[in-house]
Amino acid sequence: MTLEFKSVLPFPLREYNHAGDSVWKNEFVLEFPSKVMLNASSGKGKSTFVNTVYGVRHDYDGTILLNGRDLRSLSLHEWIELRKTSMSVIFQDLQLFGELTAWENLQLKNNLTFHRSDAEIMAMLETLGIPDKKNQTCKTLSLGQQQRVAIIRSLLQPFELLLMDEPFSHLDEENAHIALGLICRETAKNNGGFVLTSLGSKHGFTFDRELKL
Amino acid sequence: MLRKLLFRNSTNFQFVFATAGALIGLTALLLSFQLILDVRSFHSSEKELFGPNSVVIQKKVTKLTTVGMNSTEFTPEDIEALRSKEFITDVAPFQSADFKVGISEVPGDGLPHFYADMFFQAIPDRFMDIDVDWSWNENSEYIPIVLPRDFIMIINYGFAQSQGINQISEELLMAARLTIHIDGNGKKTTMMGRVVGFSQKISSILVPESFLEYANGLYSNGNIINPTRVFITTTDDSYGELEQLMEEMNLDISQASIDVAKIKTIITVVIGIFGVAALLIMLLSLMGFVQYSQLMLSKVSYEIRTLIRIGYSVKTIVMTFVVQMTILFGIITVSSITVMTLVNAFVVNTWLNENGIHLEKSGFLPSVILAAVCFGLFITSNYLSVRKTIFKLGRS
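All of these numbers come straight from a predicted model, not from anything done at the bench.

Peer 1: Pulling in residues and values, what's your account of the interface of chain A and chain B?
Peer 2: Between chain A and chain B, the contact holds 20 residues from the first and 20 residues from the second. Summed over both partners, the interface of chain A with chain B buries about 2,000 Å², with 66% contributed by carbon and sulfur atoms. Across the salt bridge formed by B:Lys4 and A:Glu104, the nearest N and O atoms sit 2.7 Å from each other. Between chain A and chain B we count 7 residue pairs in polar contact (both at pLDDT 80 or more) in total. Among the elements that line the side of chain A that touches chain B, the one with the most residues is helix H3 (residues 102-113) of chain A, at 6 residues.

Below you can see the structure in the form of structure tokens.
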């Protein structure tokens, strides 16, 4: 998967001065599979970047090409297909269904893709240390626990690109490390890549490329 | 799980109201529709009031007519003008005998001795308002005659008393034969006749068309006679036009016929208003239901948006709603038909019967078909509205 940025500038960030090596108002190409780190402080547009690439936001100048096609030209149907088969996401606000249990949240995604068996999903819950939270509704889980459910959900589909918007913000360094390990293994199985946004920490990991905002 | 997610808080006030609204709306529509059907059948089965709208018209006799300066005849142009009116569906002039007619008793048949000059007229069979054996040919034993019912009334309650003669029952009059004296074209003859019935509507002495044609052929004095009375059949809601025609042609129409035309016009208009009101109720409940489904969607807009973000297709989500709607509205439709049937049987009919109105039931199939059409309409409009909203949510 190739993502090509041509002078992209989100409307809300027009007033800011952007550094010469910022992704905004620049031309560059991201090739996946590769592991990309997007490091920036608050308010520089990390979530905007993730949401724009994921097709949720359209308020920007410039052009983003996905495998040579303008993102703006994709129909809703094409986006949905893309989100099912080649592009996954962990939103900063997670976007879980609070009324459903952790397990139901995961099943809802897996029922669509049939990507992993129940045993495999259970194994992921165990890896991240929340197997006992399986049948608890998401709204009753702590933010850290919810974050882990969202991480597992994002892995229940084939992907070439996994977009992660501060996925470890509520995890301690040790748990973040374990989670990133799981993500890396799954990414490798999918032969895919990811973009991880973070407030600065690299979680003790080396990336193929680092971007700045 | 999708259903659990999308309908978890759908059983609430709005749901109960929308369902009740749709149930009441559809039941009202079906009830009115059924009633309209029943009344329409009443329309066509009640002879007196709701038979075909046949009216006898004649021109008014004025002072000028009496002194011979004005004619009450309908010229061929007049007849043509009548035929060209849109609200008149049938025109038939009365035929008159062009010879002199007299009747007297047949001795021994029970009638007192009498002789009276008469006239004969004939109308097409389709305008006869009574059911009698109206066939006649040269070999027939007698000529069937129909008298106006008022005629025997005048004889029995007026004439008989003042002249001191016996009253005559309808049966006796119909049993007795009459001697018919015909005089015309230089020839005289007598034939047998018999009264076969009495007409409420036509104040004339009627004989079969076939007889009159035969007799005119033999005894006509050779005059060309324009008819003075014409039978017309009008459409149901034509009272206004009929009144206008009366003005234009200076017509004389019996008050009873005008009243019937008036009543029929009123009923047709009332039924029309009834139908429109029922249709409005249905549309209102349809709108209520579409609004309810929109409310339901807005309550789960986060869920829908997120489902699309994690890869659920619009079609899958729309179908989840439509299946739910179909089940719900299926239940509403079946309930409406049931309620309508019960109300019709136990309330409307009881009430009508108590008031002495006996309707010929016209069957429930048309109502069931109407309910099915409404069902289809509800599902389709909801499908379109849900689909549009979900698309919009998906793009945001």
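There is more to say after this.
Peer 1: With reference to specific residues and values, describe the side chain of A:His115.
Peer 2: Of note, A:His115 is situated in the loop between H3 and helix H4 (118-127). Engagement of the side chain of A:His115 in a polar contact is seen with the side chain of A:Asn190, the distance being 3.4 Å.

Peer 1: Before we move on, could you go through the packing of helix H11 (residues 301-309) of chain B against helix H13 (residues 365-395) of chain B and cite the residues and values that matter?
Peer 2: Working note: a packed helix pair is described by the angle between its axes plus the distance between those axes. Residues and elements named next belong to chain B. Orientation of H11 relative to H13, taken along the N-to-C sense of each, is 65°, at an axis distance of 8 Å. Considering the relative orientation of H11 and H13, their crossing is right-handed. Touching Ser301, Ile304, Arg305 and Ile308 of H11 are Ile390, Leu393 and Gly394, all from H13. Here the contact of H11 with H13 is composed, by residue class, of 4 nonpolar, 2 polar and 1 charged.

Peer 1: Would you mind going over the nonpolar core in detail, with residue names and values included?
Peer 2: Of all hydrophobic cores here, the largest spans 45 residues; its most connected members are B:Leu6, B:Phe289, B:Ile304, B:Leu307, B:Ile317, B:Phe321 and B:Ile390. Breaking this core down by element, the ones donating at least two residues are helix H2 (76-85) and H3 of chain A together with helix H1 (2-6), helix H2 (13-45), helix H10 (255-299), H11, helix H12 (314-354) and H13 of chain B. Beyond its immediate sequence surroundings of up to four residues, B:Leu6 is in contact with B:Val300, B:Glu303, B:Ile304, B:Leu307, B:Ile317, B:Thr320 and B:Phe321.

Peer 1: Outline empty space enclosed by the protein, supporting the account with residue identities and numerical values.
Peer 2: Taken as a whole and assessed by the stated rule, the structure comprises 2 cavities of 30 Å³ or more. Computed from the structure, the largest cavity encloses a volume of approximately 70 Å³. In terms of lining, the largest cavity is formed by A:Tyr54, A:Ser88, A:Val89, A:Phe91, A:Lys109, A:Arg153, A:Ser154, A:Gln157, B:Arg309 and B:Ile310. Mapped onto the lining of the largest cavity, the elements with two or more residues apiece are strand S6 (87-90) and helix H5 (143-154) of chain A. Taken together, the residues that form the lining of the largest cavity break down as 4 nonpolar, 3 polar and 3 charged.

Peer 1: Give a description of helix H6 (residues 173-189) of chain A that names residues and reports values.
Peer 2: All names here are of chain A. In a regular helix each residue adds 1.5 Å, so 17 residues correspond to 24 Å; H6 covers 24 Å between its end C-alpha atoms and thus fits that length. For H6, the set of buried residues is Ala176, Ala179, Leu180, Leu182, Ile183, Cys184, Glu186 and Thr187. Contacts from the buried residues of H6 go to strand S3 (35-39), H4, H5, strand S7 (161-165) and strand S8 (193-198). Where H6 begins, one side-chain oxygen reaches toward the backbone nitrogen of Glu174, 3.1 Å away; that side chain belongs to Asp172. One or two residues past the end of H6 sits Asn191, with phi positive at roughly 55°.

Reading guide: rules and limits
Per chain, residues are indexed from 1 in the order of the written sequence. Throughout, the order in which chains and ligands are written sets their labels, letters from A for the former and numbers from 1 for the latter. Where totals are concerned, whole chains, interfaces and linings use all residues; where local detail is concerned, this predicted model gives features only for residues with pLDDT of at least 70, and gives and counts side-chain atom pairs only at 80 or more. Excluding hydrogens and water, the side-chain values take into account all heavy atoms of the structure. Two residues qualify as a contact provided that any one of their heavy atoms is within 4.5 Å of a heavy atom in the partner residue. Once two parts are brought into contact, the accessible area they lose, counted with a 1.4 Å probe and summed over both, makes up the buried area. Here, a salt bridge means any side-chain nitrogen of Lys or Arg that lies within 4 Å of a carboxyl oxygen of Asp or Glu. Each polar contact in these results corresponds to two N or O atoms within 3.5 Å; when the atoms are within protein, one needs to be able to donate a hydrogen and the other to accept it, and residues that are neighboring in sequence are counted only if both atoms are side-chain atoms. Runs of H or I in DSSP of at least four residues are treated as helices and runs of E of at least two as strands, each being numbered from the N terminus. Here the axes come from fitting lines to C-alpha atoms, over the contacting stretch only for helices, and the angles between their N-to-C directions go from 0 to 180 degrees. A crossing counts as left-handed when the near helix is turned anticlockwise from the far one by less than a right angle, and as right-handed when that turn is clockwise. Put simply, Ala, Val, Leu, Ile, Met, Phe, Trp, Tyr, Cys and Pro go in the nonpolar bin, Asp, Glu, Lys and Arg in the charged bin, and everything else, Gly too, in the polar bin. What makes a nonpolar core is a set of buried Ala, Val, Leu, Ile, Met, Phe, Trp, Tyr and Cys residues whose side-chain atoms join them at distances within 4.5 Å. Classification of residues uses two cut-offs on accessible area relative to the type maximum, computed with a 1.4 Å probe and protein chains only: under 20% is buried, over 50% is exposed, and between them is partly exposed. A 1.4 Å probe that fits but cannot get out identifies a cavity on a 1 Å grid over protein atoms alone, an open set with protein on both sides within 12 Å along at least five of seven lines counts as a pocket, and a residue lines either if it has an atom within 4 Å of a point. Grid points are joined across faces, edges and corners, and a volume is the space filled by probe spheres set on the points. In a helix, the anticipated span is given by 1.5 Å times the number of residues less one.

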